Amino acid sequence: MRKLAVRVVFFLVALSMSIVAGVSASAPMDTKVTFDKDVAPILYSHCVECHRQGEVAPMALVTYKDARPWARSIKEKVASRTMPPWLAAPEYGHFQNDRRLSEHEIETISAWVDQGALEGDSRDLPPAPKFVEGWSIGKPDAVIEMPNEVKVPSDGVIPYMYVTVPTSFGEDRWVQAAEIRAGNRSVVHHIIVFVQDPPRSKPGQKGNQTESRGEAMGTKLCGFAPGEQPKVYPPGTAKLIKAGSNLVFQLHYTTNGEAAADRSYVGLIFAKGPVQTPVQTGTATNATFVIPPGASSYEVKSTWTAKENVRIVDLMPHMHVRGKDFTYTAVYPDGTSRVILSVPRYDFNWQLLYRVKEPLLLPKGSRLDCVAHFDNSTGNRYNPDPSKEVRWGPQTWEEMMIGWFDYVFDDESAAARASAGR
């Protein structure tokens, strides 16, 4: 009897704990959840950057009228953490542009939908974020547009194109933020804008459109690709565009069955205060790999070594449709190491940039080691042809392995470099 009584007590304790846990887990269900009071602040903080009129997302989510038809889809996407898109493993690194929703935010949206997606009281609705129409960075100080439309055929493979445009800057400019806008998103796969210094420019290149890389494309300024956010640099740092420089637009177009035209452009915001150190762009790249047919987890490595003390500002892994995962590891001169970014489920459809919360110090002699895995098997539904070996190439059915990153110098001569225009 005593044993039975003990079992009953344990059962009742366990039952009461499960009831408490259940109440806690479903707490939002016990409270009236409305769009105006509870859901709109979440959407304004995490979603409307893209989900607003004229932006890349397929629908706006700014108002109740916008969001209500999509309520169940919103719940499904946030509960599965498909949206907002964020691919970094949470246990490595801290990033200022982390888009993830908290568990409470996910529960709130789920409860809102389960309760009938009520609108609520308009007096509870916070002000919607204000955006400069057509821009995420705010009103640019300068907009540089391609001089002519590029004609895109209805079908076929289009090699990368390069359009060189003069900046016409009469003095050096320090760029605090840069944003590329695709003129025709239906055919633009990606754009990268490079800064071409004046001595490396060639006569007669104004508006030149070519299908080859050419000789002096310059240093990367910013990029546009699915999911990629504009470049925004920390206060006191900026990207230098020297007087008389050109911008080179690298353009990757994909056909969609209809002839089209594109005229893309880039907006620049200049630094308003003093710039202590210029931003540099580096890569840990491997272009010599050969992925065997059918390989489900083929490993490719690359590395970059810091020749001076530097601080990492942001990271951006890049692969194509066979990309499976990507990891950046900082290896220090004393032999210690730590993972600074892990993307365990790489998704080619989301070319995400990861801005570290605090610039990461790499002393002179440190390395950035990158490791990527590729899935060239039949198990990869995006794989164009698992029977073929895959090498480096610009088209999406080929592959790339690039660990992009931006950094600044971290020593007493940083200011001297800035004033000298390095």
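Refer to the structure above for everything that follows.
About the thresholds
Residues numbered from 1 in each chain as written. Predicted model: local features only at pLDDT ≥ 70, side-chain atom pairs only at ≥ 80, totals over all residues. Heavy atoms only, no water. Helix = DSSP H or I, 4+ residues; strand = E, 2+ residues; numbered from the N terminus. Buried < 20%, exposed > 50% of the residue type's maximum accessible area, 1.4 Å probe, protein only. Contact = heavy atoms within 4.5 Å. Areas by Shrake-Rupley, 256 points an atom, 1.4 Å probe, with all protein chains shown as cover. 1 Å grid on protein atoms, 1.4 Å probe; cavity = no way out; pocket = protein on both sides within 12 Å on 5 of 7 lines; lining within 4 Å. Points joined across faces, edges and corners; volume = space filled by probe spheres on them. Nonpolar A, V, L, I, M, F, W, Y, C, P; charged D, E, K, R; others polar. Pairing = 2+ DSSP bridges. Axes fitted to C-alpha atoms, helices over the stretch in contact; angles between N-to-C directions. Core = buried A, V, L, I, M, F, W, Y, C linked by side-chain atoms within 4.5 Å. Arc of directions from axis to C-beta. Expected span 1.5 Å × (residues − 1). Parallel < 35°, antiparallel > 145°, perpendicular 65-115°, else oblique. Left-handed = near helix turned anticlockwise from the far one by under 90°. Phe/Tyr/Trp six-rings, centres within 6.5 Å; stacked < 30°, edge-to-face > 60°. Polar contact = N/O pair within 3.5 Å; in protein donor to acceptor, adjacent residues only side chain to side chain. Salt bridge = Lys/Arg side-chain N within 4 Å of Asp/Glu carboxyl O.

(A) Representation of the overall build of the protein. When its secondary structure is counted, the protein shows 6 helices and 22 strands. In the protein, which comprises 422 residues, the proportion classed as buried is 48%. When contacts within the protein are restricted to residue pairs at least 6 apart in sequence, long-range pairs at least 24 apart make up 82% of them. Counting only carbon and sulfur atoms, one obtains 53% of the accessible surface of the protein, whose full area is about 21200 Å².

(B) How the structure looks around the layout of surface pockets. Estimated volume of the largest pocket: approximately 930 Å³. Lining the largest pocket are 39 residues, and of these Cys50, Val56, Ala57, Gly227 and Trp350 sit closest to its centre. Put simply, the parts of the chain that give the lining of the largest pocket at least two residues each are helix H2 (35-46), helix H4 (71-79), strand S4 (173-181), strand S5 (188-196) and strand S7 (219-224). Per-element accounting of the lining of the largest pocket gives the leading share, 4 residues, to H4. The residue makeup of the lining of the largest pocket, split by class, is 21 nonpolar, 10 polar and 8 charged.

(C) Just the sheet that holds strand S15 (residues 298-305), in detail. In spatial order, the strands read S15-S20-S17-S18; together these 4 strands make up an open sheet with antiparallel pairing. In this open sheet, the two edge strands, each paired with only one partner strand, are S15 and strand S18 (337-343). In this sheet, neighbouring strand axes are inclined to one another by 20 degrees on average, regardless of whether the strands run parallel or antiparallel. By the bridge criterion, 6 bridges tie strand S17 (residues 323-331) to S18 in an arrangement that is antiparallel. In the strand pairing of S18, Phe326 is matched with Val343.

(D) Inspection of the nonpolar core at higher detail. Counting residues in hydrophobic clusters, the biggest one holds 39 residues, and the most contacted among them are Trp304 and Tyr354. Secondary structure elements with two or more residues in this core: S15, strand S16 (310-318), S17, S18, strand S19 (354-362), strand S20 (367-374) and strand S22 (402-409). The residues touching Tyr354, leaving out its near neighbours within four places in the chain, are Trp86, Leu87, Ala88, Phe95, Asn97, Val313, Asp314, Leu315, Pro317, Leu341 and Val343. Met146, Ile158, Leu221 and Phe249 belong to the second-largest nonpolar core, a separate cluster that totals 31 residues.

(E) Examining H4 more closely. Looking only at H4, the buried set comprises Ala71, Ile74 and Val78. Angularly, the buried residues of H4 cover 60 degrees about the axis, an arc narrow enough to put them on a single face. Exposed residues on H4 whose side chains face more than 90 degrees from its buried face are Arg72 and Glu76. Buried residues along H4 sit against helix H3 (64-67) and helix H5 (103-114). Directly beyond the C-terminal end of H4, a positive phi value near 60 degrees is found at Arg81.

(F) Structural view of H5. If you check H5, its first and last C-alpha atoms are 16 Å apart, about what 12 residues at 1.5 Å a residue would give, namely 16 Å. Inspection of H5 places Glu105, Ile106, Thr108, Ile109, Ser110, Ala111, Trp112 and Val113 among the buried residues, and these make up the whole buried set. Summarising the contacts, the buried residues of H5 are in contact with H2, H3 and H4. In the segment just after H5, Gly116 is the residue with positive phi, at about 105 degrees.

(G) Structural context of the packing of H4 against H5. At a closest axis distance of 9 Å, the pairing of H4 and H5 adopts a crossing angle of 155 degrees. Relative to H5, H4 is oriented roughly antiparallel. Regarding H4 and H5, the two cross each other, and that crossing is left-handed. Contacts between H4 and H5 involve Ala71, Arg72, Ile74, Lys75, Val78 and Ala79 from the former and Ile106, Ile109, Ser110, Trp112, Val113 and Asp114 from the latter.

(H) Quick peek at the environment of Cys47. Looking at where Cys47 falls in the secondary structure, it is placed in the loop between H2 and H3. The class of Cys47 is buried, set by a relative accessible area of 13%.

(I) Broad picture of the packing of aromatic side chains. According to the stated counting rule, one finds 13 aromatic pairs in the structure shown. Arranged with centres 5.7 Å apart and planes meeting at 70 degrees, the rings of Trp135 and Tyr265 form a pair that is edge-to-face. Taken together, the residues Trp135 in the loop between H5 and strand S1 (142-145) and Tyr265 in strand S12 (residues 265-270) connect sequence positions 130 residues apart. Judged by relative accessible area, Trp135 falls into the buried class, the value being 9%. In this structure an aromatic cluster arises from ring pairing among Trp304, Phe405, Tyr407 and Phe409.

(J) Here's a closer look at the side chain of Glu179. Along the chain, Glu179 turns up in strand S4. Only 3.0 Å separates the side chain of Glu179 from the side chain of Arg181, close enough to count as a polar contact. Apart from residues no more than four positions distant in its own chain, Glu179 is found in contact with Gly134, Trp135, Ser136, Ile137, Pro230, Tyr265, Val266 and Gly267.

(K) Geometry of the pattern of salt bridges. Inspection of the entire model under this criterion finds 17 salt bridges. With a shortest N-O distance of 3.0 Å, Lys231 and Asp314 are connected by a salt bridge. Residue Lys231 is found in strand S8 (residues 231-232), and its partner Asp314 is found in strand S16; the two are separated by 83 residues along the sequence. Judged by its relative accessible area of 2%, Asp314 falls in the buried class. Across the pair Asp369 and Arg367 runs a salt bridge whose closest N-O atoms are separated by 2.7 Å. For Asp369, a relative accessible area of 19% translates into the label buried. Its relative accessible area of 32% is what places Arg367 among the partly exposed residues. Through salt bridges with shared partners, a single ionic network connects Lys231, Asp314 and Asp406.

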